[in-house]
Amino acid sequence: GIFVAALLIITAVYVPLRVSFYDELTLSFLVIDSLFDLAFVMDIILTFFSAVPKRGGLLETRHKYIAKEYFKMWFWIDLTCSIPV
């Protein structure tokens, strides 16, 4: 949660600055971009193993149910945002 939020904030600042002021893609930029992409992909994978709340305040831990709930909406948003550009 907090790690991904921090990554999103850093990405929201880093990407526009890099695109605006640096024409050349250097090895360091490539490494940084790849690490960000890897972190977001790892977040997608870890979400499949995170319990989700269900009615009554209990947590659902069955992977099939978690995947079903994740695929309903957030997976597609996360996947679209994680595609390297």
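Everything below is about the structure shown above.
These numbers come from a predicted model, not from an experiment. (Residues numbered from 1 in each chain as written. Predicted model: local features only at pLDDT ≥ 70, side-chain atom pairs only at ≥ 80, totals over all residues. Heavy atoms only, no water.)

Student: Which parts of the structure should I look at to understand the pattern of salt bridges?
Tutor: Note on pairing: side chains with opposite charge can pair once their charged atoms come close. This model, assessed by the stated rule, comprises four salt bridges. Here Lys54 and Glu60 are joined by a salt bridge, their closest N and O atoms 3.4 Å apart. On the accessibility criterion, Glu60 (4% relative accessible area) is buried. The partner of Glu60 in a salt bridge is Arg62, with the nearest N and O atoms 2.6 Å apart. Judged by relative accessible area, which is 53%, Arg62 ranks as exposed. One network of salt bridges, in which partners are shared, links Lys54, Glu60 and Arg62. (Salt bridge = Lys/Arg side-chain N within 4 Å of Asp/Glu carboxyl O. Buried < 20%, exposed > 50% of the residue type's maximum accessible area, 1.4 Å probe, protein only.)

Student: Could you clarify how one ought to interpret the packing of helix 2 (residues 27-47) against helix 4 (residues 74-82) in this entry?
Tutor: Helix-helix packing is characterised by the crossing angle of the two axes and by the distance between the axes. In the contact formed by helix 2 and helix 4, the axes pass within 10 Å of each other and the chain directions differ by 165°. Considering their axes alone, helix 2 and helix 4 lie roughly antiparallel with respect to each other. For helix 2 against helix 4, the interelement crossing comes out left-handed. Here Asp37, Phe40, Val41, Asp43 and Ile44 of helix 2 lie close against helix 4, whose contacting residues are Phe75, Asp78, Leu79 and Ser82. Of the residues that constitute the contact of helix 2 with helix 4, the class distribution is five nonpolar, one polar and three charged. (Axes fitted to C-alpha atoms, helices over the stretch in contact; angles between N-to-C directions. Helix = DSSP H or I, 4+ residues; strand = E, 2+ residues; numbered from the N terminus. Parallel < 35°, antiparallel > 145°, perpendicular 65-115°, else oblique. Left-handed = near helix turned anticlockwise from the far one by under 90°. Contact = heavy atoms within 4.5 Å. Nonpolar A, V, L, I, M, F, W, Y, C, P; charged D, E, K, R; others polar.)

Student: What is the right way to read the environment of Ile66 from this model?
Tutor: Mapping Ile66 onto the fold places it in helix 3 (residues 63-72). Accessibility expressed as a relative area gives 2% for Ile66, which makes it buried. The sequence separation of Ile66 and Val52 amounts to 14 residues, and the corresponding C-alpha distance is 6.5 Å. When neighbours within four sequence positions are excluded, Ile66 is seen to be in contact with Thr47, Phe48, Ser50, Ala51, Val52, Glu60 and Thr61.

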